[in-house]
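The chain contents come next:
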Amino acid sequence: GGLLSRSRTSYNRSVIGIVSGNPMIIVNNSGKEEKLYPVVLAGKALCKIDARSKSVSPGDLIVASDTPGCGMVGDIDSFAKIGTVVAKALDTLKDEIGTIPVFVTHS
């Protein structure tokens, strides 16, 4: 009975994936007609990123940001931040909010 919502805090450990805007496959065993928000748990996906405070380069680690529903480049510089990485950037984004491809991986 868990409820999913957009992350609204940076380095949120509760993030489980990225909502997919165009999924290849949806698995839903509920049998109910309901609005679905498919979540990418692994693999390549598009991710909305807030790069206004720090630009994104390929290979950067992506974590939740304070901007609701957005990721940002993370600095894993303490034990408190372990487990907050949701993806790895596959493209560049500078000084704006935009969408880039990422590879979803939890670490």
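Residues numbered from 1 in each chain as written. Predicted model: local features only at pLDDT ≥ 70, side-chain atom pairs only at ≥ 80, totals over all residues. Heavy atoms only, no water.

### Focus: unusual backbone geometry
And then number 1: Despite not being glycine, Y11 shows a phi value in the positive range, around 55 degrees.
And then number 2: Within the element layout of this structure, Y11 appears in the segment before β1 (18-19).
And then number 3: Given the relative accessible area of 19%, Y11 is considered buried.
And then number 4: Although it is not a glycine, D95 sits at a positive phi angle of roughly 55 degrees.
And then number 5: Mapped onto the secondary structure, D95 falls in the loop between β6 (87-89) and β7 (97-104).
And then number 6: D95 sits in the exposed class, given a relative accessible area of 59%. (Helix = DSSP H or I, 4+ residues; strand = E, 2+ residues; numbered from the N terminus. Buried < 20%, exposed > 50% of the residue type's maximum accessible area, 1.4 Å probe, protein only.)

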